[in-house]
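# Working through the structure, step by step
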Amino acid sequence: MRHHTFAKTPPLGWNSWDCYGAAVREEEVKGNAKYMAEFLKPYGWEYVVVDIQWYEPKANSSVYRPFVPLAMDEYSRLIPAANRFPSAADGTGFKALAEYVHNLGLKFGIHIMRGIPRQAVHANTPILGTKARARDIAHPNSICPWNTDMYGVDAGKEGAQEYYNSLFQLYAEWGVDFVKVDDIAASRLYDTHLDEIRLISKAIENCGRDMVLSLSPGPAPLEYAEDLKAKANMWRMTDDFWDHWNLLYGMFERCEKWNEYTGAGHWPDCDMLPLGHIGIRSVDGGGEDRWTRFTKDEQVTMMTLWSIFRSPLMFGGELRDNDEWTLSLLTNKEVLELNQNSHSNRLVYRKEDKIVWTAKDQDNNTYAALFNATDETAEVEVTLEQLGLTAKKRARNLWSQEELGEITDGMKQMLPPHGSILIKLF
């Protein structure tokens, strides 16, 4: 499948949602891109993604304003609001912003909602490449339960594919490298929208530009795993993930269930990393402007689980406000190597919320991630035999870079509540 060549390793990037909700502005995108180019690009970080409602002129937080006018072109396609993205004036769209990001050596991404704008349907505006108009392809009973911008597209109608083709043709002209499509991987009303996923996947094939396709929100149903692999590069295993321990705790089970479906070009997605300074113009996740509520132990646990599971890593905070600790979580070369290039990743065991995962690297070294998901300090252990090893090994803690000496039989680690340790055996 050609699209599996686009994201051979889990994408690494920044997304504007956790800090700016629907209200990010051009200067903020540029500022975070500049930071990424300077501090994170050497470690493989590359995607800069503008999340939802870049076409809503008066968006001011993560709370959507219902039934408001949206910026749209003559062919029923939403375009950036020029008051928030000045370089998009005169219908030039995201071309200039994408070029800015590309000139930094990075890649540019956007978020879109499944479907066709309701305002296009109500005005019955034209669709490029077909005689059908907006009202002809709309599925007015297929709506998003939490956002009023769109109606679904009826895949059986003439003009449906042409509409999506015209969208991705426009995005190709802009220079888009990554598209996150929302209200599609799972829906509180209608299940997964497989028909529209197929339309979008084909539109990417038709547009002539490689674009990573990310599907949201979750939890995507496990029974559609093969369909998702066949059409997308990433899909959310979870609803929006925020800085609450119960959500991180629940991710262990999701990773266990989805692990067999990870691979080059197709990545079950644990969602964004709510780290650093978040909630600046967002009230989602039960909080406003704040630093992540995760403890340092929980932050390391999250990064360790996301990495040994090989989830895409999308940082959600305002990068320019990172402290030394937060930056260190994103620039550990050995942990990122685990995320990007490991293989044979698997759960070793889970017992009484003591959890061990393992993986191999390209040189056949072994990783062991020991997690204490209980609320008390606890000892977590693993034997070399459980890790598939027969000879003694040297060990190193990848987060602290502490040498742990020679391991002849196994390892026992006393871990704090919600804590973890990531060990490399070589």
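One can find the structure itself at the top, above this paragraph.
So, a few notes on the structure that sits alongside this text. Everything numeric here is computed off the predicted structure, so don't read it as measured data. (Residues numbered from 1 in each chain as written. Predicted model: local features only at pLDDT ≥ 70, side-chain atom pairs only at ≥ 80, totals over all residues. Heavy atoms only, no water.)

### Looking at unusual backbone geometry
The linkage connecting Ser216 with the following residue, Pro217, adopts the cis geometry, with an omega of -20 degrees. The residue Pro217 is located in the loop between strand S8 (212-215) and helix H8 (225-231) in this model. Residue Pro219 is reached from Gly218 by a cis peptide bond, and omega for that bond is 5 degrees. Despite not being glycine, Ser76 shows a phi value in the positive range, around 70 degrees. With respect to the helices, strands and loops of the structure, Ser76 is situated in the loop between strand S2 (47-50) and helix H3 (95-103). Phi is positive for Asn124, close to 50 degrees, though the residue is something other than glycine. Take Asn124: it is sitting in the loop between helix H4 (118-123) and helix H5 (134-137). (Helix = DSSP H or I, 4+ residues; strand = E, 2+ residues; numbered from the N terminus.)

### What about the pairing of strand S15 (residues 354-360)?
Most of S15 sits out of view: 6 of its 7 residues are buried. Between strand S14 (residues 343-351) and S15, which pair antiparallel in sequence order, lie 2 residues; one of them, Glu352, sits at a positive phi of approximately 50 degrees. Bridging between S15 and strand S16 (residues 366-372) involves 7 bridges; their strand directions are antiparallel. Counterpart to Ala359 in the pairing with S16 is Tyr367. What sits between the antiparallel neighbours S15 and S16 is a turn of 5 residues, in which Asn364 has the positive phi angle 70 degrees. (Buried < 20%, exposed > 50% of the residue type's maximum accessible area, 1.4 Å probe, protein only. Pairing = 2+ DSSP bridges.)

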